Amino acid sequence: MESEVRSYRTGGQEVVLDLTRDAAAFVDGRGDGLLHVFVPHATAGLAILETGAGSDDDLLAALGDLLPADDRWRHRHGSPGHGRSHVMPALVPPYCSVPVLGGHLALGTWQSVCLVDLNVDNAQRDVRFSFLAG
């Protein structure tokens, strides 16, 4: 298995960050196999969805409805509602896998690999890309 970690700055706001170009560059020329993407953080996740047409904002809105940034959370350090960021990976897991065929991601036409981060207290995220040859 080949693996590398890339770092991303997500800033101080909730974000859906498209990682597809970096994922495609990582698997470029590697042949057939499986790309596994993992976020080693307790408050971030990965999703495969359409971006740029509103779906990324819709995801953030849906997570805001499901996990409001208020004082209901028992985990209370950090900014108000920080505890919800620790619950989010149960809904948006910290991993995803994509088939790779001929060194190219086998994503659907509108699919993108995205980092989802609601934690405004941590602006730096690491993402591990791993390739398992087929």
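Since we're looking at a predicted model, the values are computed, not measured. (Residues numbered from 1 in each chain as written. Predicted model: local features only at pLDDT ≥ 70, side-chain atom pairs only at ≥ 80, totals over all residues. Heavy atoms only, no water.)

A. Fine view of the environment of L66. The residue L66 is located in helix α2 (residues 55-66) in this model. Assessed through its relative accessible area of 58%, L66 is described here as exposed. Taking C-alpha positions, L66 is 9.2 Å from R84, a pair spaced 18 residues apart along the chain. (Helix = DSSP H or I, 4+ residues; strand = E, 2+ residues; numbered from the N terminus. Buried < 20%, exposed > 50% of the residue type's maximum accessible area, 1.4 Å probe, protein only.)

B. Structural context of the nonpolar core. Among the nonpolar cores identified, the biggest contains 19 residues, and L35, V37 and F129 are the most heavily contacted of them. Listing elements by their share of this core, those giving two or more residues are α1 (20-27), β3 (33-38), β4 (44-49), β5 (95-101), β7 (112-117) and β8 (124-133). The contacts of F129, once residues within four sequence positions are left out, are E2, S3, E4, R6, Y8, L19, D22, A23, F26, L35, H36 and V37. Judged by nonpolar contacts, the second largest core, of 13 residues, contains A47, L49, L63 and W73. (Core = buried A, V, L, I, M, F, W, Y, C linked by side-chain atoms within 4.5 Å. Contact = heavy atoms within 4.5 Å.)

C. Quick look at the pairing of β3. As paired strands, β3 and β5 are joined by six bridges and run antiparallel to one another. Bridged to G33 within β5 is V100. For β3 and β8, the ladder comprises six bridges, and the chain directions are antiparallel. Note that in β8 the partner of G33 across the bridge is A133. (Pairing = 2+ DSSP bridges.)

D. Here's a closer look at the packing of aromatic side chains. A full pass over the atoms with the stated rule returns one aromatic pair. A cation sits over an aromatic face here: R6 above F129, 5.6 Å from the ring centre. In this arrangement the basic side chain of R30 is found over the ring face of F26, its NZ or CZ atom lying 4.3 Å from the centre. (Phe/Tyr/Trp six-rings, centres within 6.5 Å; stacked < 30°, edge-to-face > 60°. Lys NZ or Arg CZ within 6 Å of the ring centre and 35° of its normal.)

E. Structural view of a nonpolar patch on the surface. Together, M1, L34 and L132 line one region of the surface with nonpolar side chains, adding up to about 330 Å² of accessible area. Inspection of the secondary structure assignment puts L132 in strand β8. (Patch = residues over 30% accessible without salt bridge, like charges linked within 9 Å, V, L, I, M, F, W, Y side chains within 5 Å. Areas by Shrake-Rupley, 256 points an atom, 1.4 Å probe, with all protein chains shown as cover. Salt bridge = Lys/Arg side-chain N within 4 Å of Asp/Glu carboxyl O.)

F. Representation of the pattern of salt bridges. Taken as a whole, this structure holds six salt bridges when the rule is applied. For R125, the salt bridge goes to D117, with nearest N and O atoms at 2.9 Å. Judged by its relative accessible area of 0%, D117 falls in the buried class. Put simply, E4, R6 and D22 are held in one network by salt bridges that share partners.

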